[in-house]
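Summary of the model geometry
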Amino acid sequence: MIQHQILEEKVKAVLAKAGLPIASTYDASLSVGAFLEVADDEKLPPEVFLKWRVHSTLHAHFRSVQHDRLEGDPLVMEMVNAEQAMNVAIASILKFSGFNVRMARGERVGEMVISEP
């Protein structure tokens, strides 16, 4: 478990050094920025999930839109665009710093999986 926490802190330090905010709470309505979560504290080598959290107003709007109207909603598209742009930027920063970065699949699609080489 300690290796997982060390990896999480290393990733946070790199992102903070780049000037990016780190989401400090589990609740998406209370914090924005890079949210990190240990993938599985039993698995070695350690991995962390990273999800970019947009401002709570966009997140709340996304949750309020009916499923069949998501695709055409301008604020939802703004949220998706912001998340995609930040994923590209964060992946670039972390790869430059020596981390392995890949996109998650399944129920965690849209998140990144970060590990050390």
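Everything below is about the structure shown above.
About the thresholds
- Residues numbered from 1 in each chain as written.
- Predicted model: local features only at pLDDT ≥ 70, side-chain atom pairs only at ≥ 80, totals over all residues.
- Heavy atoms only, no water.
- Axes fitted to C-alpha atoms, helices over the stretch in contact; angles between N-to-C directions.
- Helix = DSSP H or I, 4+ residues; strand = E, 2+ residues; numbered from the N terminus.
- Parallel < 35°, antiparallel > 145°, perpendicular 65-115°, else oblique.
- Left-handed = near helix turned anticlockwise from the far one by under 90°.
- Contact = heavy atoms within 4.5 Å.
- Nonpolar A, V, L, I, M, F, W, Y, C, P; charged D, E, K, R; others polar.
- Buried < 20%, exposed > 50% of the residue type's maximum accessible area, 1.4 Å probe, protein only.
- Phe/Tyr/Trp six-rings, centres within 6.5 Å; stacked < 30°, edge-to-face > 60°.
- Lys NZ or Arg CZ within 6 Å of the ring centre and 35° of its normal.

1. Concerning the packing of helix 1 (residues 2–17) against helix 3 (residues 74–96)
- Viewed as axis vectors pointing N to C, helix 1 and helix 3 meet at an angle of 110°, and their least axial separation amounts to 10 Å. The angle between the axes of helix 1 and helix 3 places the two elements in the roughly perpendicular class. The handedness of the crossing between helix 1 and helix 3 comes out as right-handed. When helix 1 is examined against helix 3, the residues Val11, Val14 and Leu15 are found in contact with a partner set consisting of Ile90, Ile93 and Leu94.
- For the contact of helix 1 with helix 3, the residue count by class is six nonpolar, no polar and no charged.

2. Remarks on the side chain of Glu8
- For Glu8, the location among the structural elements is in helix 1.
- Owing to a relative accessible area of 13%, Glu8 belongs among the buried residues under this scheme.

3. Looking at the packing of aromatic side chains
- If you walk through the whole model with that rule in mind, you get one aromatic pair.
- Measuring from ring centre to ring centre gives 5.8 Å for Tyr26 and Phe35, while their planes differ by 70°; the resulting arrangement is edge-to-face.
- The cationic tip of Arg53 hangs over the ring face of Phe35; the distance from NZ or CZ to the ring centre is 3.9 Å.
- The aromatic ring of Phe49 is capped on one face by Arg108, whose charged end is 3.8 Å from the ring centroid.

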